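Below are the chains, spelled out letter by letter.
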Amino acid sequence: MPDYPATTLSMNKGKWYVYLTIPQELREHFGGRKQLKRSTGTSDERDARRKQYAITTKLYAELDTCEPDIRDVISDLLGWIGDADEVQRMDDEGHLKGLIQAHKNLEEGEDPENDTATEVVNERGSKALKVYREWKAKTANPTPSSNDVLLSVSAREYSATKPYGPLKTLRDSDLSIEEFLKYMGDVPLSKVTALNIHQYAESMGQTKSKQTISKKVGYIKRLFYFAERKGWITNNVVVGVVLDSKLGKPRESYRPLNGDELEALFKQSMPEHSRKLLSILITTGMRLDEAALLDWEDVKEDQGIMYYDLTDKLVKNKGSQRRVPVHSSLPWITTGKTGQMFPEFTRDKDGKAQASASKALMPLIRRVTDDKAKVVHSLRGNFKDMLRDAGVSKEVNDFITGHASGDVAGNYGSGPSLRVRKEALDLLALEFND
């Protein structure tokens, strides 16, 4: 069933009515009307709520009759691959699902200019896969009984629960489970063994890092815990699975820019908002998304010290909830302003601006170095190195960059004081940032 709006109950002339907002794209089929309503025939609210479900089902059925051919929807999502008959032919030949998954799993290339376009392809591919599954479910056999539930069925049911809030995490989970399904084949859950999990992890060992393998296997484990809660398996094989600590290739770390590269970076001609964002990154060690998501309301002052308040922001973890002093080389940072500090960087559905900011800054990095290990995140390493070289203790260094336990909002007694952090920042000359 498409993701229609939820119905509501409202009293009208002594009777309770069920109201349904008609999606914008379907209103032409209803003479431009914005709502459908049906009377429950009762003035008793409890009775009305009992009848609401049945009435809602009928209202949704009315919307269903106006829905376009699912095959046409899939074609449009993939950039129009033909009419309904052509889509049907591709499915009959076994090519359609693979094409959809190719769109959904398309990986970003080395050119950051293409990142946004790739994300659009991924998102439309994800929608196409959802539509495709709904289409096939209408003609599929009934859900198997316990102990016979297929991997594909459990994956579909698990994904439908939206187990993760961020869309990117949900997409990563779906992709990891699909890769495992391809490795195993569409077998019943009960046929999967702990050995299979270890063998799958080992199959990724030559190309993936230990962290990536652990994350992907983690998504699979959560699928099996879901299946256990549903009663589809009685023996949960993932319980107690501990991966080999030596598994996976070493993770490649980002490298800081050298002095000449850093100076050349800031000498470039660039939009003012890009320069200001780079200036914040090199004077705070913030992660790119932390800086790009700053609001002017985050700039505060305490005992004469100006600082960025990240204690209530969308950050990586609790340790990243911290207060970071404003460096003296940034006189344009002031209190009293409102709104986004960088409205030029669009925020995605998860409320993050990293993709947009990276697209703007990566070309600037690539003009000074073609080393793939040197990216925008390298400035964080530069900042930590400069603090260390200035004699700043590791404790203060980690608190400023969010590698420690973090500040608790409103509790100014945790960690090095704001003044100590400010004194540490003032040790950095940063002439190239003038």
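Residues numbered from 1 in each chain as written. Predicted model: local features only at pLDDT ≥ 70, side-chain atom pairs only at ≥ 80, totals over all residues. Heavy atoms only, no water.

Labelled according to an unreviewed UniProt entry, the chain appears under the name Site-specific recombinase XerD, originating from Yoonia rosea. Check the Sequence similarities (unreviewed entry) section of the UniProt entry for the chain; it says "Belongs to the 'phage' integrase family." (UniProt positions renumbered as here; feature names shortened; annotations may be inferred.)

All right, on to the nonpolar core then. Residues L277, L278, I280, L281, Y308 and I333 are the most contacted members of the largest nonpolar core, which totals 46 residues. Ranked by size, the runner-up nonpolar core spans 30 residues in total, among them L151, V192, L223 and V237. (Core = buried A, V, L, I, M, F, W, Y, C linked by side-chain atoms within 4.5 Å. Buried < 20%, exposed > 50% of the residue type's maximum accessible area, 1.4 Å probe, protein only.)

All right, on to a negative patch on the surface then. A surface patch of like charges, here negative, comprises D72, D76, D83 and D85. On the basis of relative accessibility, which here comes to 59%, the residue D85 falls in the exposed class. (Patch = residues over 30% accessible without salt bridge, like charges linked within 9 Å, V, L, I, M, F, W, Y side chains within 5 Å. Areas by Shrake-Rupley, 256 points an atom, 1.4 Å probe, with all protein chains shown as cover. Salt bridge = Lys/Arg side-chain N within 4 Å of Asp/Glu carboxyl O. Lys, Arg positive; Asp, Glu negative; His and termini not counted. Charge placed at Lys NZ, Arg CZ, Asp CG, Glu CD.)

Before going further, it helps to spend a moment on the sheet that holds strand 5 (residues 305-309). If you walk across this open sheet you meet the 3 strands as 4-5-6, and the pairing is antiparallel. With one partner strand each, in any of the chains shown, strand 4 (299-302) and strand 6 (323-325) form the two edges of the open sheet. Ignoring strand direction, the axes of neighbouring strands in this sheet form an average angle of 40°. With 3 bridges connecting them, strand 5 and strand 6 associate as antiparallel partners. Each residue of the ladder has a partner; that of Y307, found in strand 6, is P325. (Pairing = 2+ DSSP bridges. Helix = DSSP H or I, 4+ residues; strand = E, 2+ residues; numbered from the N terminus. Axes fitted to C-alpha atoms, helices over the stretch in contact; angles between N-to-C directions.)

Okay, the packing of helix 8 (residues 194-204) against helix 9 (residues 210-230) next. How two helices pack is summed up by the angle between their axes together with the distance between the axes. It is at 10 Å that the axes of helix 8 and helix 9 come closest, and there the two elements cross at 150°. On the basis of the axis angle, helix 8 is roughly antiparallel to helix 9. For the element pair helix 8 and helix 9, the recorded crossing hand is right-handed. Only I213, K216, V217 and I220 of helix 9 make contact with helix 8, whose side of the interface consists of I197, Y200, A201 and M204. Taken together, the residues of the contact of helix 8 with helix 9 sort by class into 7 nonpolar, no polar and 1 charged. (Parallel < 35°, antiparallel > 145°, perpendicular 65-115°, else oblique. Left-handed = near helix turned anticlockwise from the far one by under 90°. Contact = heavy atoms within 4.5 Å. Nonpolar A, V, L, I, M, F, W, Y, C, P; charged D, E, K, R; others polar.)

Further remarks concern the pattern of salt bridges. Going through the model one piece at a time under the given rule, you end up with 24 salt bridges. For K267, the salt bridge goes to E263, with nearest N and O atoms at 3.2 Å. Placement of the pair is K267 and E263 together in helix 10 (residues 259-267), with a separation of 4 residues, close to one helical turn. A relative accessible area of 64% means that K267 is categorised as exposed. E263 gets classed as partly exposed once you look at its relative accessible area, which sits at 37%. R323 is paired through a salt bridge with D302; the nearest N and O atoms lie 3.6 Å apart.

To continue, consider the environment of E423. Relative to the assigned elements, E423 resides in helix 16 (residues 418-425). Spatially, the C-alpha atom of E423 lies 9.7 Å from that of H327, the residues being 96 residues apart in sequence.

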